[in-house]
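# Reading the structure
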Amino acid sequence: MNLEKLSEKIDTSDVVEELLLLAEKVFDKSSNDAKNVIEMLITKAYFMGKQNAVKTFED
């Protein structure tokens, strides 16, 4: 796996769905548990970012 290319793709992703699709491609041979963990982490990070943005805006 070329980590530099992966990093570039992650950096240029505009929406969470792109990250989820990218994670699915990277972990396609992994177990469903691994895929589910990655999806949960990405989703949680997204919601945490939105929540922090709202807090910052309100402050």
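Residues numbered from 1 in each chain as written. Predicted model: local features only at pLDDT ≥ 70, side-chain atom pairs only at ≥ 80, totals over all residues. Heavy atoms only, no water.

So, about the overall build of the protein. The number of helices and strands found in the protein is 3 helices and 0 strands. Helices and strands in the protein line up, N terminus first, as α-α-α. By residue count, 10% of the 59 residues in the protein fall in the buried class. If you sum the accessible surface of the protein, you get close to 5200 Å²; carbon and sulfur atoms cover 57% of it. (Helix = DSSP H or I, 4+ residues; strand = E, 2+ residues; numbered from the N terminus. Buried < 20%, exposed > 50% of the residue type's maximum accessible area, 1.4 Å probe, protein only. Areas by Shrake-Rupley, 256 points an atom, 1.4 Å probe, with all protein chains shown as cover.)

Looking now at a nonpolar patch on the surface. Nonpolar side chains collect at one region of the surface, where Val37, Met40 and Leu41 lie side by side and expose about 300 Å² of accessible area between them. With respect to the secondary-structure elements, Leu41 resides in helix α3 (residues 32-58). Assessed through its relative accessible area of 54%, Leu41 is described here as exposed. (Patch = residues over 30% accessible without salt bridge, like charges linked within 9 Å, V, L, I, M, F, W, Y side chains within 5 Å. Salt bridge = Lys/Arg side-chain N within 4 Å of Asp/Glu carboxyl O.)

Applying the stated criterion to the full structure yields 1 aromatic pair. Residues Tyr46 and Phe47 carry aromatic rings whose centres are separated by 5.3 Å and whose planes lie at 65° to one another, so their mutual orientation is edge-to-face. (Phe/Tyr/Trp six-rings, centres within 6.5 Å; stacked < 30°, edge-to-face > 60°.)

Okay, the packing of helix α1 (residues 3-12) against helix α2 (residues 16-26) next. Relative to each other, α1 and α2 sit at 160°, their axes nearing to 9 Å. If you check the angle between α1 and α2, you find them roughly antiparallel. In this structure, the crossing between α1 and α2 has a hand that is right-handed. Contacts from Leu6, Lys9, Ile10 and Thr12 of α1 reach α2 at Glu18, Leu19, Leu22 and Val26. (Axes fitted to C-alpha atoms, helices over the stretch in contact; angles between N-to-C directions. Parallel < 35°, antiparallel > 145°, perpendicular 65-115°, else oblique. Left-handed = near helix turned anticlockwise from the far one by under 90°. Contact = heavy atoms within 4.5 Å.)

Let us now look at the confidence of the model for the protein. On average, residues of the protein score 79 in pLDDT, and 86% of them reach the 70 mark or higher. Mean pLDDT across the elements of the protein ranges from a minimum in α3, with 78, to a maximum in α1, with 84. (pLDDT = per-residue confidence, 0-100.)

Take α2 next. Along α2, the residues that are buried comprise Val16, Leu22 and Ala23. Seen along its axis, α2 keeps its buried residues to an arc of 120°; they face one direction. Exposed and facing more than 90 degrees away from the buried side of α2 are Glu17, Leu21 and Lys25. (Arc of directions from axis to C-beta.)

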